[in-house]
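Each chain, written out:
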Amino acid sequence: MAGVLDDAEISRILSITAHPDDVDFAAAGTVARWTEAGIEVVYCLVTDGDAGGFDEDFPREEMPAVRRAEQVAAAKCVGVHDVRFLGYPDGRVEATLDLRRDLARVIRQVRPDRVLCPSPERSCQRIGIGQPDHRAVGSAALDAVYPDARNPFAFPELRGRESLAAWTVREVWIAGGPEPNHYVDMTETFGRKLAALRAHESQTGHMEDLTERIRTRLTLMAQQAGLPGGRLAEGFRVLDTA
Ligand SMILES: [Zn+2]
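As the structure is a prediction and not an experimental result, all values here were calculated from the model. (Residues numbered from 1 in each chain as written. Predicted model: local features only at pLDDT ≥ 70, side-chain atom pairs only at ≥ 80, totals over all residues. Heavy atoms only, no water.)

Looking only at helices and strands, the chain features 8 helices and 7 strands. The C-alpha radius of gyration of the chain comes to 17 Å, within 12% of the 18 Å expected for a compact globule of 242 residues. Counting only C-alpha atoms, the chain reaches 50 × 45 × 35 Å along its principal axes. By residue count, 50% of the 242 residues in the chain fall in the buried class. (Helix = DSSP H or I, 4+ residues; strand = E, 2+ residues; numbered from the N terminus. Rg over C-alpha atoms; globule rule 2.2 N^0.38 Å. Buried < 20%, exposed > 50% of the residue type's maximum accessible area, 1.4 Å probe, protein only.)

Right, here's the structure in full:
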């Protein structure tokens, strides 16, 4: 098991994801546990998920506003009330210097002890996890944690024009990577995770088997974690970044 910081040492956590619903599929049960423990959690979404959805008749120009609203509603289901959108185009995210600067800015503004982000790696088990936007956001988020946010001389405009002091994130939790090394038993917050997922109606409204699909995946994670039967878990790769 990784040397994970005790939640009692954590005041703020910043979740960085590519699309509305990513954090809810990957980690909403864990987020609910964090907020229940009194930790402040902030969401940063790189895109509005404007290329998402399943209904071809749905007016595409309305999708960004719908998905933003869904993510804000889903966040409330797990105790998160600060949701920020960077507005990058869905499906075309690259780990550019601009994205690294924008993420370093949010890190310096929020000053989190822990960052949650997607994996920069491709998964050979589940192709959907390694979606290109996820990999780009995972890569840029890790670069923003180290070195950009903590190096006072990186992106000098952040410290100059915007008066944002350097900030060192102590720990990163990568969700959806190929090699989890830490599991959170979130059996008690499973209902809140489901509520958050259902809030993304434009994405999950057609999934009649949503509950069973999610329960199956979380049961498998709990088995990997060595938890007793009937338990549910979300898995992460935890990195010490202090
Ligand atoms: Zn996604």
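Attention shifts here to the coordination of the zinc ion. At the metal site, the zinc ion is ligated by H19 (ND1), D22 (OD) and H134 (NE2), and these contacts range over 2.0 to 2.1 Å. In terms of primary sequence, the donors binding the zinc ion are separated according to H-x2-D-x111-H. Of the two residues, H19 is situated in the loop between β1 (12-17) and α1 (22-36) and H134 in helix α4 (residues 132-148); the sequence distance between them amounts to 115 residues. (Donors = N, O, S within 2.8 Å, 3.2 Å for Na, K, Ca; no water.)

On to the packing of aromatic side chains, then. Within a pair of aromatic rings, the relevant descriptors are the distance that separates the centres and the angle that separates the planes. A full pass over the atoms with the stated rule returns 2 aromatic pairs. Here the aromatic rings of W34 and W173 are separated by 5.2 Å at their centres, their planes lie at 75°, and the arrangement is edge-to-face. Here W34, found in helix α1, pairs with W173, found in strand β5 (residues 171-175); they are 139 residues apart in sequence, far enough to count as distant. In this structure, W34 and W173 share a single accessibility class: buried. (Phe/Tyr/Trp six-rings, centres within 6.5 Å; stacked < 30°, edge-to-face > 60°.)

Right, let's talk about the packing of helix α2 (residues 63-77) against helix α6 (residues 190-199) for a bit. It is the contact of α2 with α6, at a shortest axis distance of 8 Å, that shows an interaxial angle of 170°. Taken together, the axes of α2 and α6 lie roughly antiparallel to each other. Along its contact with α2, which presents E70, A73, A74 and C77, the element α6 presents R192, A195, A196 and A199. In the contact of α2 with α6, the residues fall into 6 nonpolar, no polar and 2 charged. (Axes fitted to C-alpha atoms, helices over the stretch in contact; angles between N-to-C directions. Parallel < 35°, antiparallel > 145°, perpendicular 65-115°, else oblique. Contact = heavy atoms within 4.5 Å. Nonpolar A, V, L, I, M, F, W, Y, C, P; charged D, E, K, R; others polar.)

Here we come to the state of the cysteines. Applying the stated criterion across every chain yields a total of 0 disulfides. Its sulfur unpaired, C77 is 20 Å from the next cysteine sulfur, which belongs to C44. (Disulfide = S-S within 2.5 Å.)

This next bit is on the packing of helix α3 (residues 97-110) against α4. Closest axis-to-axis distance for the α3/α4 pair is 8 Å, and the angle between their directions is 60°. In this structure, α3 meets α4 at a crossing whose hand is right-handed. Counting all contacts with α3, which are made through L99, R100, L103, A104, I107 and R108, the residues of α4 involved are A140, A141, D143, A144, V145 and D148. Considering only residue class, the contact of α3 with α4 consists of 8 nonpolar, no polar and 4 charged. (Left-handed = near helix turned anticlockwise from the far one by under 90°.)

So, about α3. For α3, spanning 14 residues, the distance from its first C-alpha to its last is 20 Å, which sits close to the expected 20 Å at 1.5 Å a residue. Burial runs high along α3: 11 of the 14 residues are buried. Restricting attention to buried positions, one finds in α3 the residues L99, R100, R101, D102, L103, A104, R105, V106, I107, R108 and V110. Residues of α3 that are buried sit in contact with β1, β2 (40-47), β3 (82-88), α4 and α5 (156-159). (Expected span 1.5 Å × (residues − 1).)

Once that is clear, we can look at the nonpolar core. One finds L14, I16, V46, L99, L103, I107 and V115 to be the most contacted residues of the largest nonpolar core, which totals 31 residues. Looking at this core, the elements with two or more residues in it are β1, β2, α3, β4 (114-118), α4 and β5. Residue contacts for L99: discarding those within four places in its chain leaves V46, L86, Y88, V93, E94 and A140. Counting residues in each nonpolar core, the second largest holds 27 residues, with A28, V78, V83 and L116 among its members. (Core = buried A, V, L, I, M, F, W, Y, C linked by side-chain atoms within 4.5 Å.)

What follows covers the pairing of β1. Counting buried residues along β1, 5 of its 6 residues qualify, which places the element largely inside the surrounding structure. When β1 meets β2, the two strands line up parallel, connected through 6 bridges. Each residue of the ladder has a partner; that of S15, found in β2, is Y43. As a crossover connection, the stretch from β1 through α1 into β2 is right-handed. (Pairing = 2+ DSSP bridges. Right-handed = clockwise from strand over helix to strand, strands pointing away.)

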